[in-house]
Amino acid sequence: MEAPQRCWRSYRRPSVLLFLLSLSFLFFTLPFTQGSLHVPPNLPEPPVLLSTPESLTAFSSNDISLDCEARGNPTPTFRWVKDDVAMDLDLVGKGTIRADKNDTLEDYHGSYRCYASNTLGTAVTQTVHVTVERHPVLQNQKKKIEQKFEGDSLVMSCNPPESSTPPHIHWMDRKMVHIKLNDRVTAGLNGSLYFANLLKSDSRPDYTCNAQYAEAMTVLPETSVSLTVLSSNSVLTGRKPDLFTPSGLRSSMLALKGNSLTLECIPSGLPTPKVEWIKKDGRLEDTGAEVTNYGRWLHFESVEQSDDGEYQCRAHNEHGEAKHSFTVTVEAAPYWVKAPQNLMYAPRENVRLDCQAEGIPTPNVTWSMNGLPLSKVDPEPRRTVSGSVLKLMDVEVSDTAVFQCEAQNKHGSILLNTYINVVELPAQILTTDGHRYRVTEGGDITLQCEAFGSPQPHVTWEQKNSSPLLSLSHVSLLTDGTLQLFNTSHSDSGEYICSVHQSNISITAHLEVYDRSVIVTSPDHVRAVRGSTTLLHCEALTDPRLKHDRQIVWRKDGLKIQESSADDKFTVFENGTLRVSSVHTDDSGEYSCEVITSLDHVHVSGAISVIAPPDPPVGLSLSEDDGHMSITLGWTPGFHHNSPITEFIVEAREQQHTEKSRWKWEELRRVPGDVNEIELRLHPFCTYRFRVTAVNELGPSEPSQASPEHSTQPAIPTSNPTGVRSESKEPGTLVITWDEMEKRFHNGHGFMYKVFWRQAGKKDQRWHSNSTSSPPFVVTGTGTYTPFEIKVQAVNAIGEGPVPEGEIGHSGEDVPLEAPGGVNVTVVNSTAKVKWNEAENVRGLLLGYKIYIRRVGLKSERRRRSLGEQVIAGEAGHEEEEEEESERVVEVRGMKTSHEISGLKLYSLYDLSVTAFNSKGQGPPSPMYRFETPEGAPGPPASLTSESPTDTSLILIWTPPLETNGILLGYTVQYQQEGGDNTEHIEIRHPHTTHLELPSLNSSTYYLFNVRAQTAKGHGPARGLRAATLLDGAPPSNVSMFFGDTYLNLSWVPGPRDRNHGFHIDYRRKGAGETWEVSEQVNSTQGFYSLTGLEPGTTYHLRILHHNSTQWEQIVQTKGPDVSEMPGGFATQGWFIGLISAIVLLVLILLILCLIKRRKGGKYAVKDKEDKEVDSEARPMKDETFGEYSDGDEKRTDSQPSLCPSKLGSDDSLAEYGDSVDIQFNEDGSFIGQYSGRGPVPHGNESSSPASPMTNGPPPPLPPVLSRPS
C-alpha cells in the first residue's frame, strides 16, 4: 500500500496550472480564440489513456503484446501490476510491453493492469488476462471405417485437441476439396458431420475432419473416415424425422446482449426432413434471427433484449415430424448509459460526475481516485458518493485528479477514467472578431460570444444605432453569452457588439438578412403507366446572392435519390425537374423536392402512382352447391397497382375427357371487379380446374394459379350430335355420319350413338335403328341416290338423350348416263360463247359441266396444202407447235348451261365437247363440235438488232412474230433521230424480208427504230431499238496504272461508240543509251493490259504513239529492290536457253493456228460474243410511239468462237460490258471495279489486225461478264 499512498501524496502538492483553451473537451465549441489571447506553451494535462491492453491467448512469445499508451503533460510514466504484484518496469512516454524471447513462455501467464501517472493524477486500465497454451498437436488416431445401408442416418464425429480458442471445423477429402453440404448432409456446431439419410453416392474413403486454430495459425487433420453405403430396400418405405441434436423436447440457452447466438436443429429421416422455425411468444420476423445452414440453424448475429423468449424448430417429412423448444434468456454484461466527460472547472464551482451503467443483472458501481479506491484515500468532507454519482463541492485547484468509475456484474466489468481539472484564468473571448452571420428572412440566428475565464465572465450585447436589444421581443441572451434572434427581418441587418462586463474586451459581429427561398412550381400527384417515363417539376426562387450554392435534392419516401446517367433511371434537369425513366411498381411513393442553400432549406412533396395490370388473384376456393353440378368459385383479388379492377375473367379447363397435350382454358364468365365469387353450372361426368384473371384499365393480369380439381357426377345426355348427314359414295349404300360429341358431353359411362333411318316420301314407313360407338353407320340395299330420313340420338348407361330431329340424306350416286345435248358455239374475235341443254339422267347431285376444247391447227391449213402454197419458214414452225397444243378443260360449276371461253388463238380451228359430272365422275361427252376463229393483227417481231458497217449506215435485222394471227403480208419500218420530230416510214411488202440497210445517217446522234408486222387485219405492235453508228477509234490518252515488281497493270476507259483500234505500248529503262521496246498489239476496247517481264525496282519510260505523235507517256518505277547483277550468269546456262527456245517455238505454232482459225471463222470472236450476249427478245413499243427500247436484241450467228484468247482471255472489248469502265485494282493488280451500264455498241471495222497472241507473262484476272442494263 505504500506505493499508492506515495502516489496520492504527490498528487496533493499544489501547482500553478494553465490549460490549453482550445482542447476538445472544453464546454465551448468554436475553435477560434480572440487574436489578443496568449496561449502559454507546455500546458499541464492529467493522463488520458489512448490505447489499453486486451486479454489474449499466447502460443508463442510473439503473441504477447500489451498496449498501454496515454497523453498528458508532464509526460506520463507507466507501471504494470501482474497478479497484484508490481512489476519491475520503468516506462516513460509509452507503456506497451512485449514478451522477451529468452524468457519462459509460461512466466507470462496471469492478470495485468497498467497505471499511467503524472503530477496531476493517475489513469488506470482494466485488468486483462494472458493465457498461455502450447500449439495443438495431432493425436495418433486410426482411420475409421463405417459401413451403412442406403437410407440410414449417420454422424461422423470430430474431436480435435481442446483449446481456449475453439477451432473452426472443415470436412474435406484428401484433395482438400470441401465436402458438399446441403439439407441432407450438414455440419453441426460441434464439428460433426450429419447425414439425414445415406445415398450410395456418399460412399468414399477420404472423409477428413480438419480443425483450423486461427489464433495458433494451425490446421490439424483430426479424423479420417472411410464410408461404404450398401443397397437397401428401406429407401422404399421411408422413415419419420428424428433429431440428431439437440436431444429431448426442451433446452435453455443463455445469451449475452451484443453477442452472437446459434440455435441448432439437425434432423435425420427419409426423405430428408424440412426444418421450420417459429417464435412461440411472438413473430420471428420481429427478431434479428436469420435461418442459415440449409434451415438447420437459427442465428442471431447480435442478440438484443427483444430476442428473449421461446423458440421452436419443427422437422417434418411425409412420415411425421419432430419438435424441440428453446428457452432463450438474454442477459447483459455491464455497459455505459451515461459516462462523465473530462472537464475543466473554475475555483469554487460545484462538480457532479454521473457514471450510469446498465446490465443484467444490475451491475455494482464503485469509485476510485488516481487508481485507489475512495475508501483508501484521505476523507474529504466536500466529496460525497451516492451510488453512481460523485459530487465535489466548492472545488479548489488542488482537487485536480483522475477518477475511476467501475461497473461490475457476474458477466464482467467495465472501467472508465475521467478527470477534474480546476484552473484559474483571466477572462477571454474565444469567438472570432468581425465574424459575419447570414440568415434568411423569418429565420432564427445565433450570434456567438463565447467567453472563457475562471470564474466564468459575464457578457453583454448591443447594436449600433438601435434601442437596447433585450427590450426587443424576438431577442434573447443565453447564460453562455450567446445572442439569439427569432423570426428575423431585413431591419435586423447590421453590426452587433459583444463586451465582457467590467473589462475593455469586446468583439463585433455583422448580420446579413437574405430573401428566403420559395418553390413556385410544385410536383403533382402523377399516375404513370408502368414502363413509361414521367416528370416531376420543382421550380424555385432564391436570393440572387445564394444562387451559386443552391442545390435541388429529390427524395423518395425520405431517401435521397442518387442521380444516374442521362439515359438511366433518374435524371434531374437544371430547372429542377426530375425525370423517372421506365417506371415500375417500386417507383410508386412520395417524392419530395428540397431546395437547399447555405442558409435555408425548403421542400414540397408530390407522388407517383405507377399503374399497371393487376396481380393475379390468389386463394382460389371451391364449394359445392348441388350434387357437384353447381359450385361456388371464390378468390382473393391481387394488388390492383393503383388502377381499380374493373372485371374478373373466369376460365375452366376440362381434364377428364381430353388428352393432356390438348388441354386448353375456356372462358366461362366475366364478373364485375367488386365481385370475388361466382356460382358455376358444370357438365356432368367431368373433371374441372378453374383460374381467374383480373382486368383493369391497363389490361388483364396473369392468370391465377389453377384451383384444385373438381369432378361432377354422371347423368343422361343433355344433347344429341349435330351435323347429321349422309356421305354415301357407292350406289346401293346409305352412309349416315355426324359430328362426334366431345367426351365431356357424354355425361357418363357406356356412351353410344343410336342411329334411325327410313325411306323418305312413303307413308307408314317404320323407323329402323341400330347403335354404334362412332360414325359412320352404313346401310346397304338402298338403291341409287334414294332419299332417306335419318337421325341420331345420344345414349349412355344411365339413359337416352332428348328425342332428335330428322334430316334428309341420299344413298350413293353413280356417274351420269346421258351427255348434254344442243351444243352450240358463237365466236367473237378470240372468245367463244358455248351453250348446251341441261343434262338428264344424272343419277346423283349434278355438280356441273366440263367443256373439252382442243386447237386443231391454223384455219388455212387445208386450203394451203390443196393449192400447193408454201408457208414461210417462221410461220411453218409456229404452225407445227400450235398443232401440238394440249387439250383445255373448262369446268362450269352449278346448273349453268352456257359459258364464255376467252384467250383462243386467232385464225385457228377448234374441236369442242361438253360432259356433265357429279361426285362419282363425269358422264359421256357430247358429239364433237368444230368451229374456227377469225384472222387478226400479228404480234411484234420476235427480235430486233442492228449492225454498223460504216459510220453513216446501219443494218436493221429482225425475226418474224411468234404469233402471226393470220397470213403475214409484210413489215413497216419507222425511225427518227433521238429528240427529233421527223419520222421516216418504209413499207416492206414481202413477208420473207427480215433486214434493211439505212444509209446516210448522222454519225453524231442516236436513232430510234420501230418495226411492225402486218396481216390483212392491220399492223401489230412494234418492236423498238435505240442504236447509233460506230466511229473510228484511237489509242487511250488517260491511262491508270498499278505497280508490281516485274509487271505494270494499265487500264483505261474505251469510248462508248469507238471501234476497236490496235496500238502498241513503247517502253524502255530510263538511262542513257537505252533503246525502246514495243509491246504486242493492244486493242483499245480491252480497257486493260498487263506489261510483264520488267525488272524489280527499275524506272521505266512508257509512251503510246498515234500517227507519229505521242498520245500518252509516263515515267514509273516497279516495286522491289534495285536490280543487281546475279552471280553465276543464270541466263547463260545451256539448259535454260533450251527451255526458252522450246517455249518460243510452241507459242509460234499456237499463233499460226489462231490466225488460220480466224480466217476460216469470218468474224472476230468479240463479234460472236457480242451477238450471243444480246437479249433474246426486245420489248414492244407502247402506243406506236418512240419511247421504250430493249437493251439489245439477240443476234443469231453461226461463227465459231476464237481459239486464241488474248491476255484478257479473248479479244473481246471491255466496252461490250458497259458504256463506261471504272477499273480499279487490288494490290496484286486484280480487278476490284465494276462495269457501269452501257447500251449496245455498233460494230464496224473493229480492228485491222488479228487478235493479239499470248505472252509469257502471267495474265491478269478476267473481268466479270455482266448482263447489259439499259
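Source: prediction; values computed, not measured. Along every chain, residues carry numbers that run from 1 in the direction the sequence is written. At least 70 in pLDDT is required for a residue's local features to be given in this predicted model, at least 80 for side-chain atom pairs to be given and counted, and no such filter applies to totals for whole chains, interfaces and linings, which use all residues. Only hydrogens and water are removed before side-chain values are computed, so all heavy atoms of the structure are retained for them.

1. Details of the overall build of the chain
Line of reasoning, step 1. Where helices and strands are cited, they refer to DSSP runs of H or I of at least four residues and of E of at least two residues respectively, numbered from the N terminus. The helix and strand tally for the chain stands at 6 helices and 97 strands.
Line of reasoning, step 2. Only protein chains enter the accessibility calculation, which uses a 1.4 Å probe. A residue is then buried if its area is under 20% of the maximum for its type, exposed if over 50%, and partly exposed in between. Counting the 1270 residues in the chain, one finds 44% classified as buried.
Line of reasoning, step 3. In this description, contact between two residues means that some pair of their heavy atoms is separated by no more than 4.5 Å. Look at the contacts in the chain between residues 6 or more apart in sequence, and 67% of them connect residues 24 or more apart.
Line of reasoning, step 4. A total accessible area of about 65,300 Å² is found for the chain, and carbon and sulfur atoms account for 49% of it. Shrake-Rupley sampling with a 1.4 Å probe provides the accessible areas, and residues are treated as covered by the protein chains on show and by no other component.

2. Focus on the sheet that holds strand β65 (residues 733–737)
Line of reasoning, step 1. In short, DSSP must find at least two bridges between two strands for them to pair. Here 3 strands make up an open sheet; going across it, the order is β64-β65-β68 and the pairing antiparallel. With one partner strand each, in any of the chains shown, β64 (725–726) and β68 (777–780) form the two edges of the open sheet.
Line of reasoning, step 2. Judged from the 2 bridges that link them, β64 and β65 form a sheet pairing that is antiparallel. Each bridged residue has a counterpart across the sheet, and for R725 the counterpart in β65 is T737.

3. Overview of the packing of aromatic side chains
Line of reasoning, step 1. The criterion for an aromatic pair is that two Phe, Tyr or Trp rings (for Trp, the six-membered ring) have centres within 6.5 Å, with stacked assigned to planes under 30 degrees apart, edge-to-face to planes over 60 apart and tilted to the rest. Per the stated rule, a full pass over the model turns up 17 aromatic pairs.
Line of reasoning, step 2. With a centroid separation of 6.5 Å and 90° between ring planes, the pair formed by F756 and W767 is classed as edge-to-face. One end of the pair, F756, is in strand β66 (residues 752–759); the other, W767, is in the loop between β66 and β67 (768–772), with 11 residues separating them in the sequence.
Line of reasoning, step 3. For W767, a relative accessible area of 26% gives the class partly exposed.
Line of reasoning, step 4. What links up through ring pairs into an aromatic cluster is the set W738, F751 and Y753.
Line of reasoning, step 5. In this scheme, Lys NZ or Arg CZ marks a charge over a ring once it lies within 6 Å of the ring centre and within 35 degrees of the ring normal. The ring centre of W767 lies 4.4 Å from the NZ or CZ of K791, which sits over that ring.
Line of reasoning, step 6. Across the ring face of W1076, the terminal group of R1103 is positioned such that the distance to the ring centre comes to 3.8 Å.

4. Concerning the pattern of salt bridges
Line of reasoning, step 1. One speaks of a salt bridge when a side-chain nitrogen belonging to Lys or Arg is within 4 Å of a carboxyl oxygen belonging to Asp or Glu. Evaluation of the coordinates by the stated rule reveals 45 salt bridges.
Line of reasoning, step 2. For D183, the salt bridge identified is with K274, shortest N-O distance 3.6 Å. Here D183 is found in the loop between β14 (168–172) and β15 (185–187), whereas its partner K274 is found in strand β23 (residues 274–279), with 91 residues between them in sequence.
Line of reasoning, step 3. Judged by relative accessible area, which is 48%, K274 ranks as partly exposed.

5. What about the sheet that holds strand β60 (residues 677–681)?
Line of reasoning, step 1. Taken together, 3 strands build an open sheet; the order of strands is β56-β57-β60 and the sheet is antiparallel. The sheet is open, and its two borders are formed by β56 (618–624) and β60, each paired with just one other strand. Averaged over all adjacent pairs, the angle separating strand axes in this sheet is 25°, with direction ignored.
Line of reasoning, step 2. By the bridge criterion, 5 bridges tie β56 to strand β57 (residues 630–636) in an arrangement that is antiparallel. Across the sheet, V618 pairs through a bridge with T636, a residue of β57. To define axes, lines are fitted to C-alpha atoms, for helices over the stretch in contact only, and angles between the resulting N-to-C directions are given on a 0 to 180 degree scale.

6. A short note on the state of the cysteines
Cysteine pairs can be linked by a disulfide, which is a covalent bond between their two sulfur atoms.
Line of reasoning, step 1. Pairs of cysteine sulfur atoms within 2.5 Å are what we label disulfides. For the coordinates displayed, the defined rule picks out 6 disulfides.
Line of reasoning, step 2. A sulfur-sulfur separation of 1.8 Å characterises the disulfide bridge that pairs C265 with C313. One quick way to see it: the torsion about the S-S bond of C265 and C313 is about -60°, and its sign makes the bridge left-handed. Linking C265 in the loop between β21 (261–264) and β22 (266–270) with C313 in strand β26 (residues 309–317), this pair joins segments that are 48 residues apart in sequence.
Line of reasoning, step 3. According to the relative accessible area criterion, C265 is buried, its value standing at 0%.

7. Topic: the confidence of the model for the chain
Line of reasoning, step 1. By definition, pLDDT measures how confident the predictor is in each residue, and it falls between 0 and 100. Of all residues in the chain, 84% attain a pLDDT of 70 or more, and the chain-wide mean is 82.
Line of reasoning, step 2. Within the model, the stretch residues 862–884 combines pLDDT values under 50 with 31 contacts to residues more than four positions away or in other chains.
Line of reasoning, step 3. Confidence drops under pLDDT 50 across residues 1123–1130; counting only partners more than four residues distant or on other chains, this segment forms 6 contacts.

8. A closer look at the side chain of D492
Line of reasoning, step 1. Looking at the element boundaries, D492 is found in the loop between β43 (483–485) and β44 (494–500).
Line of reasoning, step 2. Despite being buried, D492 has no salt bridge partner; R516 is the closest side chain of opposite charge, sitting 13 Å away.
Line of reasoning, step 3. Residues in contact with D492, not counting those within four places in the same chain, are Q463, H474, L485, L511 and V513. Asp and Glu count as negative and Lys and Arg as positive, but His and the ends of the chain are not part of the count.

9. A short note on the environment of T77
Line of reasoning, step 1. Summarising the element assignment, T77 is placed in strand β5 (residues 77–82).
Line of reasoning, step 2. Separated by 18 residues in the primary sequence, T77 and G95 have C-alpha atoms spaced 7.6 Å apart.

10. Considerations on the environment of S592
Line of reasoning, step 1. Tracing the backbone shows S592 in strand β54 (residues 589–596).
Line of reasoning, step 2. S592 gets classed as buried once you look at its relative accessible area, which sits at 10%.
Line of reasoning, step 3. Taking C-alpha positions, S592 is 9.3 Å from K560, a pair spaced 32 residues apart along the chain.
Line of reasoning, step 4. Not counting the four nearest positions on each side in its chain, S592 is found in contact with V553, W554, R555, V604 and S605.

11. Examining the environment of L541
Line of reasoning, step 1. Tracing the backbone shows L541 in strand β49 (residues 539–541).
Line of reasoning, step 2. As for L541 and V595, which are separated by 54 residues in sequence, their C-alpha atoms are 9.3 Å apart.
Line of reasoning, step 3. Residues contacting L541, with those up to four places away along its chain left out, are R516, S517, V518 and V520.

12. Some details on the side chain of N1083
Line of reasoning, step 1. Within the fold, N1083 resides in strand β92 (residues 1082–1083).
Line of reasoning, step 2. Residues adjacent in sequence count toward polar contacts only when both atoms are side-chain atoms; beyond that, a polar contact is any pair of N or O atoms within 3.5 Å, and within protein one must be able to donate a hydrogen and the other to accept it. Within the local environment of N1083, its side chain forms a polar contact with the side chain of N1060, the two groups lying 3.1 Å apart.

13. Observations regarding unusual backbone geometry
Among all residues save glycine, negative phi is the norm, and among peptide bonds the norm is trans.
Line of reasoning, step 1. The omega torsion across T245 and P246 is 0°, close enough to zero to call that bond cis.
Line of reasoning, step 2. With respect to the secondary-structure elements, P246 resides in the loop between β19 (239–245) and β20 (250–256).
Line of reasoning, step 3. For the bond running from I360 to P361, omega is 0°, close enough to zero to count as cis.
Line of reasoning, step 4. In this structure, H641 takes a positive phi of about 55° despite not being glycine.
Line of reasoning, step 5. Its location among the elements puts H641 in the loop between β57 and β58 (647–654).

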